[in-house]
Every structure is written in C-alpha cells, then in structure tokens.
Amino acid sequence: MLKLVFAFLFLNIASASGALLINGVGSSFPYPIYSKWFYEYHKINPEMKINYQSLGSGAGIQQLLLGTVDFGASDVPMNKEELKKTKIPILHIPMILGAIALAYNVPGVKENIRLSPEILAGIYLGRIKKWNDIEIFKINPNVKLPDLNIIPIFRSDGSGATAIFSKFLQSSAQTWPKSIGAGKAVKWPVGLGGKGNEGVAALILQTQGSIGFLEQVYAIKNHLNMAALQNTSGQFVMPSPDSVGAAAIQSLKVHQGNLLESLIGSRGEKSYPLSTYTYILVFQKMPLKKGEALIHFLKWSLTEGQVYAKNLSYVPLPPQIIKKAESEIDKIKIEQ
C-alpha cells in the first residue's frame, strides 16, 4: 500500500511539473546506495532526474552554501562557522548508517589485525614504522606479522571520512597532537594521499604494507582486509551491521535523540568505534517544484529505499531514527 501511495504522489508531481533535474554534490561514502536509490526511484518517477557528483563532504557543504546545488551530502554535520555563512537554516537529514574501515595490504596475513587508537596514532605520526613493531605484536600475538614498512594512506581531499577518523584519534589517543587536530582536511605528517574513497582503495591495493581509512563499502568492493578496532570498552570489534547499529542505538540513548552527535566512541562492548551517519543537507526553504519532489524522494529513501542497504554493505536506519529523520524533512518549507 505504501508503495502505491508513493507512486501516486510521484506521478502527480511529475505530471504537474514536467521534466525536473535536481543537482547534488557531496560525500563519496553514500554514492553506491544513492546511485541505487536514484535508479529505483526513476522507475517510479521517470520525469525526475537526480544528478549527484561524488566530490567529498567538504565540496558538498561548500557547493550548498554557494547555492549551486539543490542539496549537499556530508558524513559529518556542518560546524558553527559553516552554518553562519547562510541566513536560511540548513537541515541535516540522516539517510543511512555505515562504517569507516581501516583496510590494509599486508602480504601473508589472512587474520583481521587488531589495532588500538594509540597504535593508529603512532602509525599516522610516523612513530610506528614496521608491521612487526612490538606494540602491534602485543595485541596480535597469534599473527605472523612481517618485517615490512607501514605506509599510511589518507584522503587528499576534504572529506567526512577524514573528519571522523581524525576526531577518533583526537578523542581516543592521548598521543595525538593538538597541532594536527581533527577536521575534514588535516596535515598528515607521513603517508600518501588518495582522492576519494576510490583513490584510497586503489593506493592500498597497489602498495604493499599500506593501511588506510575509507568507507567500508569500498573496502568490501575491493576485497581489502580490514582491522578490528578497540572501542571504549576495550573490545576489538569489526565493522558490521550489528556493531554499527549498536553504536547508533547507544548514541541515541546517551545524547537523548540528537542525530547530530558523533557516533565516535559510542559506549557498549559491541559498538564499532568508527560508525557514522551520512546526511543529506537541504535549505529549510525550497522552491515549489524541486522542494516537493525532493521531499518525496527523501521519504521514499527512508522507507522503501532502506531495503537496498544490506546488499550494498550499508546499515539501515533503526525505526526510531527514521522517525526522527522524517520529522526533519517535515520542517522543509515550500515557497510558492
């Protein structure tokens, strides 16, 4: 019944407005599922086309503020300085859950290597230089680690993945310096930079001894090994639907339903520490045709669209989060 209702609404919008193009720019993390949603939605409403460029969270925020796109996409909420640049409020609508994975290329190692925040800080500061370093060996006593140089890989473009990973290091590793800090773009002391998740995955694949942070979907797509990360409870947890979902539920409880709070460091033994929402960013006021079409697309994505998540290695939003996301969509005001 829900599908029929949506189809009726979409077709009416299409017939009333004619061909309609909606443009978006932003995070590469949700690009695979956004592409799937656009494709499936087009079957329902063939008169509407969504053009999305996967250029990173930083670009999504920047282009939305410049008014060159109808929506932006980011894995992290806009900060206070960014929000001050517009007089029209911007809404953050969580669309899906996922994880930032630490993927590596260490020949001969089939096990999931365990890594702690302090070890990752040491690697990205250039202090821990070999895979058989004593600090890594201590928490991986049953893994035959090679005498191989570690090559850290990072994002060369402004990204939500960088913001999430650097904030994880800043909040969880005592050795992470304030001079580097956290943000969508930071100055990494060592390593190689790749553009987008695709670029990071390609560098890891072609560089023996490398390790890099990227959205899990790209690690799975490229058959990369992933590390088990130590969470705030001291447990080593792999990214999975269960561990990401656990982090989201814990965060929702702790922060009393605030969907803009980071999932980094979510409490609970089963929580994966680099879990994240990804958001669609829209102005609270939108023109009639595009506003109505985008509202219905967003609501479709949060209901029927969630069924495509698991096959693409994402995590569907829990019902209580979907309800809150829909309430954000309802705040969009259509200008006649």
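Before reading further, recall that the structure is shown in the block above.
A quick note: this is a predicted structure, and the numbers were derived from the prediction, not measured.

**A look at helix H7 (residues 160-172)**
Here's step 1: Between its first and last C-alpha atoms H7 spans 18 Å; for 13 residues at 1.5 Å apiece the expected length is 18 Å, and the two agree.
Here's step 2: When we look at burial in H7, the residues that qualify are Gly160, Ala161, Thr162, Ala163, Ile164, Phe165, Ser166, Phe168 and Leu169.

**Focus on the environment of Ala103**
Here's step 1: Turning to its location among the elements, Ala103 is positioned in strand S4 (residues 90-104).
Here's step 2: Looking at Ala103, the relative accessible area reads 0%, which means it is buried.
Here's step 3: As a C-alpha pair, Ala103 and Gln216 span 113 residues in sequence and 8.5 Å in three-dimensional space.
Here's step 4: Beyond its immediate chain neighbours, meaning those up to four positions away, Ala103 contacts Ile204, Ser210, Ile211, Gly212, Leu214, Ala219, Leu224, Asn225 and Met226.

**Some thoughts on the packing of helix H11 (residues 288-302) against helix H12 (residues 319-329)**
Here's step 1: Where H11 meets H12, the closest approach of the two axes is 10 Å, and the angle between their N-to-C directions is 180°. By the angle between their directions, the pair H11 and H12 is classed as roughly antiparallel. For the pair H11 and H12, the contacting residues are Ile295, Leu298, Lys299 and Leu302 in the first and Ile322, Ala325, Glu326 and Ile329 in the second.
Here's step 2: Looking at side-chain class alone, the contact of H11 with H12 contains six nonpolar, no polar and two charged residues.

**Concerning the pattern of salt bridges**
Between side chains of opposite charge, a pair can form as their charged atoms come close.
Here's step 1: Here the structure, examined in full by the defined rule, presents nine salt bridges.
Here's step 2: The closest approach of N and O atoms between Glu40 and Lys36, which form a salt bridge, is 2.9 Å. Of the two residues, Glu40 and Lys36 both sit in helix H2 (residues 31-44), four residues apart, roughly one turn of that helix.
Here's step 3: When its relative accessible area of 11% is taken as the criterion, Glu40 is described as buried.
Here's step 4: Looking at Lys36, the relative accessible area reads 28%, which means it is partly exposed.
Here's step 5: Glu82 serves as the salt-bridge partner of Lys184, at 2.9 Å between the closest nitrogen and oxygen. In this pair, Lys184 is assigned in the loop between H7 and strand S7 (192-194) and Glu82 in helix H4 (residues 80-83), connecting sequence segments 102 residues apart. In this pair, the class of Lys184 matches that of Glu82, namely buried.
Here's step 6: Sharing partners across several salt bridges, the network here consists of Lys36, Glu40 and Lys43.

**Observations concerning the nonpolar core**
Here's step 1: Ranked by size, the top nonpolar core spans 107 residues in total, and within it Phe165, Tyr277 and Phe297 carry the most contacts.
Here's step 2: Ranked by residues supplied to this core, first place goes to S4 with twelve residues.
Here's step 3: When sequence neighbours within four positions are dropped, the list of residues in contact with Phe165 reads Leu102, Leu120, Tyr124, Trp188, Phe213 and Leu274.

**Considering the sheet that holds strand S10 (residues 228-230)**
Here's step 1: What the three strands build is an open sheet, ordered S5-S10-S11; its pairing is mixed. Each having just a single partner strand, strand S5 (114-115) and strand S11 (236-237) make up the two edges of the open sheet.
Here's step 2: Summarising the sheet, S10 and S11 pair through two bridges and their orientation is antiparallel. Across the sheet, the residue bridging to Leu229 is Val237, located in S11.

**Examining the environment of Leu298**
Here's step 1: Here Leu298 is to be found in helix H11.
Here's step 2: Sequence separation between Leu298 and Leu91 is 207 residues, and the spatial gap between their C-alpha atoms is 13 Å.
Here's step 3: If we ignore the near neighbours within four places in the chain, the residues touching Leu298 are Ile93, Met95, Ile280 and Ile329.

**Comments concerning the packing of aromatic side chains**
Here's step 1: Here the structure, examined in full by the defined rule, presents 21 aromatic pairs.
Here's step 2: Ring-pair connections join several aromatic residues into one group, and the members of that group are Tyr31, Tyr34, Trp37, Phe38, Tyr41, Tyr52, Phe71, Phe297 and Trp300.

**Comments concerning the pairing of strand S8 (residues 210-215)**
Looking down a regular strand, the side chains alternate between one sheet face and the other.
Here's step 1: Of all six residues making up S8, six are buried, and the element is well covered by its neighbours.
Here's step 2: Examined bridge by bridge, S4 and S8 share five bridges and lie antiparallel to one another. Across the sheet, the residue bridging to Ala101 is Leu214, located in S8.
Here's step 3: Direction of pairing for strand S6 (residues 151-155) relative to S8: parallel, over a ladder of three bridges.

**Some thoughts on the packing of helix H5 (residues 117-125) against H7**
Here's step 1: At their nearest, the axes of H5 and H7 sit 9 Å apart, and the two run at 115° to each other. You can see that H5 and H7 cross each other, and the crossing is left-handed. For the pair formed by H5 and H7, the contact residues are Pro117, Glu118, Leu120, Ala121 and Tyr124 on the first element and Phe165, Phe168, Leu169 and Ser172 on the second.
Here's step 2: Class assignment of the residues belonging to the contact of H5 with H7 gives a composition of seven nonpolar, one polar and one charged.

**A few points about H2**
Here's step 1: If you check H2, its first and last C-alpha atoms are 20 Å apart, about what 14 residues at 1.5 Å a residue would give, namely 20 Å.
Here's step 2: Among the residues of H2, Ile33, Tyr34, Trp37, Phe38, Glu40, Tyr41 and Ile44 are the ones counted as buried.

Thresholds applied
- Residue numbers run consecutively from 1 along every chain, following the written order of its sequence.
- It should be noted that, the model being predicted, local features are given only for residues of pLDDT at least 70 and side-chain atom pairs only at 80 or more, the latter also being counted only at that level, while totals for whole chains, interfaces and linings use all residues.
- The side-chain values count all of the structure's non-hydrogen atoms but skip hydrogen atoms and water molecules.
- A run of H or I in DSSP counts as a helix once it spans at least four residues, and a run of E counts as a strand once it spans at least two, with each numbered from the N terminus.
- The span you would expect from a helix comes to 1.5 Å times its residue count less one.
- Throughout this description, buried means an accessible area under 20% of the type-specific maximum (1.4 Å probe, protein chains only), exposed means over 50%, and partly exposed covers the range between.
- Any two residues whose heavy atoms approach within 4.5 Å at even a single point are treated as in contact.
- Angles shown run from 0 to 180 degrees and are taken between the N-to-C directions of axes, each axis being a line fitted to C-alpha atoms and, for helices, limited to the stretch in contact.
- Reported orientations rely on four angle classes, namely roughly parallel under 35 degrees, roughly antiparallel over 145, roughly perpendicular from 65 to 115, and oblique for the rest.
- The nonpolar class holds Ala, Val, Leu, Ile, Met, Phe, Trp, Tyr, Cys and Pro. Asp, Glu, Lys and Arg form the charged class, and all remaining residues, Gly among them, are polar.
- A pair is scored as a salt bridge if a Lys or Arg side-chain nitrogen falls within 4 Å of a carboxyl oxygen belonging to Asp or Glu.
- To form a nonpolar core, buried Ala, Val, Leu, Ile, Met, Phe, Trp, Tyr and Cys residues must be joined to one another through side-chain atoms within 4.5 Å.
- Paired strands, in this sense, are two strands between which DSSP finds at least two bridges.
- For Phe, Tyr and Trp, where Trp contributes only its six-membered ring, two rings pair if their centres lie within 6.5 Å, and the inter-plane angle classes them as stacked under 30 degrees, edge-to-face over 60, or tilted in between.
- Put simply, a crossing is left-handed when the front helix is turned counterclockwise from the back one by less than a right angle, and right-handed when it is turned clockwise.

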